[in-house]
Amino acid sequence: MELIFELGQEGRGLDLLPACDVEKVVLQAPKREKKMHLPHVSETELSRHYSRLEKRTHGVNDGFYPLGSCTMKYNPKVNEEMAALPGFTNVHPLAPVESVQGCLEVLYTLQEDLKEIAGMDHFTLQPAAGAHGEFTGLLLIKAYHKANGDEKRTKIIVPDSAHGTNPASAAMAGFDIVNIPSGEDGCVDVEALKKAVGEDTAGLMLTNPNTVGIFDKNILEITEIIHKSGGLCYYDGANLNAIMGQCRPGDMGFDVVHLNLHKTFSTPHGGGGPGSGPVGCKDLLAPFLPGCYAVKTEEGFEYEACEESIGSMRSFAGNFLVIVKALTYITTLGAEGIKEASQNAVLNANYMRVKLADAYDMAYDVTCMHEFVMTLEKKKKEIDITAMDIAKAMLDYGIHPPTMYFPLIVHEALMVEPTETETKEEMDHVIAVLHEIMEKAKKDPEYIKHSPHHTVIGRPDEVKAARTPVVAYTFE
Amino acid sequence: MSTPTELKYSKTHEWVKEEGDVMVIGLTDFAQNELGDLVFVNLPEEGDEVEAGEAFGDVESVKAVSDVISPVSGEVCAINEDLLDNPAAINEDAYGAWLIKVKNVSDSEELMDASEYDKFCESEK
């Protein structure tokens, strides 16, 4: 496909801007030495160029997108409609609060809703994404220990099934990481945890259900072990979609949590973002919250900042329009709808798991939550078909592959999260496709090993892409 | 690929070769095969201390980043700088592409010989 710089002709262009109605000024700045490379295309060429690009992408609007742990649910269009209202788009973050009371009410209402959903006492909407939320939460834990004169607490415990961002965020926040192994069932090894805690334990980072889609039945014991050692418990909200409306991280004993609005609360993510990773906490961490959150007073809504705040994590109120979308989602669903959504997310995952179990080995043969993990380890040995081959073969059917090679504790992993917004017909179709791929793999493994056969790009050189990526256009 | 009998092996899939007082350390063929195509290698610097059972570097494949655990304690006296530009050498020849050399060796993990290691890998599968 041609790039925008390879299209058009010199001198061609389009007049989208009105004529200039102010006097021309020549800036006293150094002159550009080389001519700028600007595209010279007509409006028709431009429009077709982006339509071509769009056809080469795959989003939730195009088809099934079971990227495990990413919760690629459908984003209702009403969210976009609300976020496009002029009252939300034509405002300035520095506008006097009395002129933007509606916006503050949005912030306040979402804070209240998230508090209820997560079982927390406070929420900041500032963090711009999940890992940013983790970093924020860890800074809160750090500030708490510091305020207590307890600075020997330098270690964060992370199970080996955790998301890679957990240890990375903890290291960024200046902690040392202690890795603990998972048990046979993929859950935290409680005995290993007991051995790992001590006077230097700052906290634990955990997601529940965990990364293999299993609800950790020992969760109350786990958080108690940490609390007894003097540490705090951090909940990674990546998998909240499985439990929202059913149970709450706050009730499991967690002190601080981040939620991914772009996963659980149906705001766009991936290339379409931006994300939003609000952080909730119990009262003991409230004095350290990042600046600027909405409060309700007798006169109306206001911004408040904490005296011992860790400082701002982002400018102003965070990704405001994402917040509007998430609030629209929660308000549309209501308490009953939220509950139904997580029920269906778990039901869909289990439906697919059971229907696929005859053709694909399950890493854990138990009832799962919102996602399940298949392993191609045996198939790799028997017929040399890997998780990568199955994922590539799915592309020929217009289906986005599941998460691959994660979590690391499962070899040749494919992690499937259908979410609640897929119909039974769609899941039946995908189940049939996966059966067909496995049949083909047994009869003609070479065909599957060379998949995909019908996409524009087949199997790029991943090593080269990682080591010598070409990310800018080179002009002759 | 057959496992060289002149080397010793750790449970975390590193090989050790004795060259007089110096221990040469690398990743086994089993390890490179499990990791997949390697993209980056992070090594310590000459003069750094390594400790038996602790990570001294990491390797990144297209799938994941993994620590490389030192089978011995001692001082790094050489690193294989060629690997920094060409990590794929480990995929091509795991027993030729050494990572570091360690001198003043003071401690060592319990290591296996080739046949014990082969059995160990079989049980890992």
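Everything numeric in this text was worked out from a predicted model, so none of it was measured.

### Describing the overall build of chain A
Across its full length, chain A holds 16 helices and 13 strands. Over its C-alpha trace chain A gives a radius of gyration of 25 Å, about what one expects of a compact globule, namely 23 Å for 476 residues. Reported as C-alpha extents along the three principal axes, the dimensions of chain A are approximately 70 × 70 × 45 Å. Sorting the 476 residues of chain A into buried and exposed places 42% on the buried side. For chain A, long-range pairs separated by at least 24 residues make up 72% of all intrachain contacts whose partners lie at least 6 apart in sequence.

### What about the overall build of chain B?
What chain B contains, in helices and strands, is four helices and nine strands. Along the chain direction, N to C, the helices and strands of chain B fall in the order β-β-β-α-β-β-β-β-β-α-α-β-α. For 125 residues, the compact-globule estimate of 2.2 N^0.38 gives 14 Å, and chain B sits close to it at 13 Å. Overall size of chain B, expressed as C-alpha extent along the three principal axes, is 35 × 30 × 20 Å. Counting only residues that meet the buried cut, chain B has 36% of its 125 residues in that class.

### Points about the environment of Ala 441 of chain A
Residue and element names in this part refer to chain A. Note on placement: Ala 441 falls in helix 14 (residues 424–443). Assessed through the 23 C-beta atoms surrounding it within 10 Å, Ala 441 is described here as buried. Considered as a pair, Ala 441 and Gly 149 are 292 residues apart in the sequence and their alpha carbons are 61 Å apart. If near-sequence neighbours (up to four positions away) are discounted, Ala 441 is found in contact with Ile 383, Ile 385 and Ile 448.

### Some thoughts on the pairing of strand 3 (residues 22–27) of chain B
Residues and elements named next belong to chain B. Across six bridges, the pairing between strand 2 (residues 14–19) and strand 3 is antiparallel. Residue pairing for strand 3: Glu 19 is matched across the bridge by Val 22. In textbook terms, the turn of a hairpin is the stretch between consecutive antiparallel strands, and for strand 2 and strand 3 this stretch comprises two residues, one of which, Gly 20, has a positive phi near 70°. Strand direction decides the pairing type here: strand 3 and strand 9 (residues 98–108), joined by four bridges, are antiparallel. Opposite Met 23, over in strand 9, you have Val 102 as the bridge partner.

### Details of the nonpolar core
Ranked by size, the top nonpolar core spans 116 residues in total, and within it Tyr 234, Val 256, Ile 323, Ala 326, Ile 390, Ala 413 and Leu 414 of chain A carry the most contacts. Element by element, the count of residues in this core is highest for helix 11 (residues 320–356) of chain A, at 14 residues. The residues that make up this core include at least three from each of domain 2 (77–332) and domain 3 (339–464) of chain A. Those residues within four positions of Ile 390 of chain A in sequence are excluded, and the remaining contacts are Leu 376, Ile 385, Leu 414 and Ile 437 of chain A. In terms of nonpolar packing, the next biggest core, distinct from the first, is built from 28 residues, Trp 15, Met 23, Val 39 and Ile 100 of chain B among them.

### Concerning helix 5 (residues 130–147) of chain A
In this model, helix 5 of chain A (18 residues) spans 26 Å end to end at C-alpha, consistent with the 26 Å of a helix rising 1.5 Å per residue. In the stretch just after helix 5 of chain A, Gly 149 of chain A is the one whose phi turns positive, near 65°.

### As for the packing of helix 11 of chain A against helix 14 of chain A
Residues and elements named next belong to chain A. The geometry of helix 11 relative to helix 14 is characterised by a closest axis approach of 10 Å and an angle of 30° between their N-to-C directions. Here helix 11 is positioned roughly parallel relative to helix 14, judged by the angle of their axes. Between helix 11 and helix 14 lies a crossing of right-handed hand. For the pair helix 11 and helix 14, the contacting residues are Asn 348, Tyr 351, Met 352, Lys 355 and Leu 356 in the first and Met 427, Ile 431 and Leu 434 in the second. Here the residues of the contact of helix 11 with helix 14 are counted per class, giving six nonpolar, one polar and one charged.

### Brief notes about the pairing of strand 13 (residues 413–416) of chain A
Residues and elements named next belong to chain A. Side-chain alternation along strand 13 places Ala 413 and Met 415 on one buried face and Leu 414 and Val 416 on a second face that is also buried. Relative to strand 13, strand 12 (residues 403–404) runs antiparallel, the two sharing two bridges. Bridged to Met 404 within strand 13 is Leu 414.

### Some points on the packing of helix 4 (residues 101–118) of chain A against helix 11 of chain A
All names here are of chain A. As a packed pair, helix 4 and helix 11 sit with axes 10 Å apart at the nearest point and diverge in direction by 55°. Judged by the inter-axis angle, helix 4 sits oblique to helix 11. For the element pair helix 4 and helix 11, the recorded crossing hand is left-handed. Listed contacts from helix 11 to Val 106, Leu 107, Thr 109, Leu 110 and Asp 113 of helix 4 are Ile 323, Val 324, Ala 326, Leu 327 and Ile 330. For the contact of helix 4 with helix 11, the residue count by class is eight nonpolar, one polar and one charged.

### A short note on the confidence of the model for chain B
Mean pLDDT over chain B: 93, with 98% of residues reaching 70 or higher. For this predicted complex, the interface confidence score (ipTM) comes to 0.74, while the overall pTM stands at 0.89.

### Points about the sheet that holds strand 3 of chain B
One open sheet accounts for six strands, arranged 1-2-3-9-8-5 (chain B); its pairing is antiparallel. Two strands close off the open sheet at either side, each with one partner strand: strand 1 (8–9) and strand 5 (49–50) of chain B.

### What to know about the domain arrangement of chain A
By domain assignment, chain A separates into domain 1 (1–56), domain 2 (77–332) and domain 3 (339–464). Here domain 1 of chain A and domain 2 of chain A have C-alpha centroids that lie 42 Å from each other.

### Some remarks on the sheet that holds strand 4 (residues 38–42) of chain B
All names here are of chain B. With respect to topology, three strands assemble into an open sheet ordered 4-6-7, the strand pairing being antiparallel. This sheet does not close on itself; its edge strands, each paired only once, are strand 4 and strand 7 (65–69). Sheet twist, expressed as the average angle between the axes of neighbouring strands with direction ignored, equals 25°. Looking at chain direction, strand 4 and strand 6 (residues 55–61) are connected through four bridges and run antiparallel.

### What to know about unusual backbone geometry
All names here are of chain A. Put simply, Asn 208 and Pro 209 share a cis peptide bond, and its omega is 0°. Tracing the backbone shows Pro 209 in the loop between strand 4 (201–206) and helix 8 (219–229). With an omega of -5°, the peptide bond running from Ser 451 to Pro 452 counts as cis. Its location among the elements puts Pro 452 in the loop between helix 15 (445–449) and helix 16 (462–467). Although it is not a glycine, Ser 69 sits at a positive phi angle of roughly 75°. By the secondary structure assignment, Ser 69 is in the loop between helix 1 (43–55) and helix 2 (77–83). Overall, the presence of 23 C-beta atoms within 10 Å leaves Ser 69 in the buried class. Of note, the phi angle at Thr 71 is positive, near 50°, even though the residue is not glycine. Inspection of the secondary structure assignment puts Thr 71 in the loop between helix 1 and helix 2. Overall, Thr 71 belongs to the buried group, with 26 C-beta atoms counted inside 10 Å.

What counts, and at which threshold
Counting restarts for each chain: residues are numbered from 1 in the order of the written sequence. Think of it this way: whatever chain is written first is A, whatever ligand is written first is 1, and the rest follow in order. With the structure being a predicted model, the display of local features is reserved for residues of pLDDT at least 70 and the display and counting of side-chain atom pairs for 80 or more, all residues being used for whole-chain, interface and lining totals. Every helix listed is a DSSP run of H or I at least four residues long, and every strand listed is a run of E at least two residues long, numbered separately from the N terminus. We compute the radius of gyration from the C-alpha atoms alone; for a globule the expected value is 2.2 Å times N to the 0.38, where N is the number of residues. To sort residues by exposure, count the other C-beta atoms lying within 10 Å of each residue's C-beta; 20 or more gives buried, 12 or fewer gives exposed, and values between give partly exposed, all with C-beta atoms placed from the backbone. Think of it this way: build a C-beta for each residue from its backbone, and any pair within 7 Å is a contact. When DSSP finds at least two bridges between two strands, those strands are taken to pair. By definition, a nonpolar core groups buried Ala, Val, Leu, Ile, Met, Phe, Trp, Tyr and Cys residues that connect through C-beta atoms lying within 7 Å of each other. An automatic or database domain assignment provides the domain bounds reported here. Expected span of a helix: the number of residues minus one, times 1.5 Å. For helices, the axis comes from a line fit to the C-alpha atoms of the stretch in contact; other axes are also lines fit to C-alpha atoms, and the angle between any two N-to-C directions lies between 0 and 180 degrees. In what follows, roughly perpendicular refers to angles from 65 to 115 degrees, roughly parallel to angles under 35, roughly antiparallel to angles over 145, and oblique to any angle outside these ranges. The crossing is said to be left-handed when, going from far helix to near helix, the turn is anticlockwise and less than a right angle, and right-handed when the turn is clockwise. In this classification, Asp, Glu, Lys and Arg are treated as charged, Ala, Val, Leu, Ile, Met, Phe, Trp, Tyr, Cys and Pro as nonpolar, and every other residue, Gly included, as polar. For every residue, the predictor states its confidence as a pLDDT score lying anywhere from 0 to 100.

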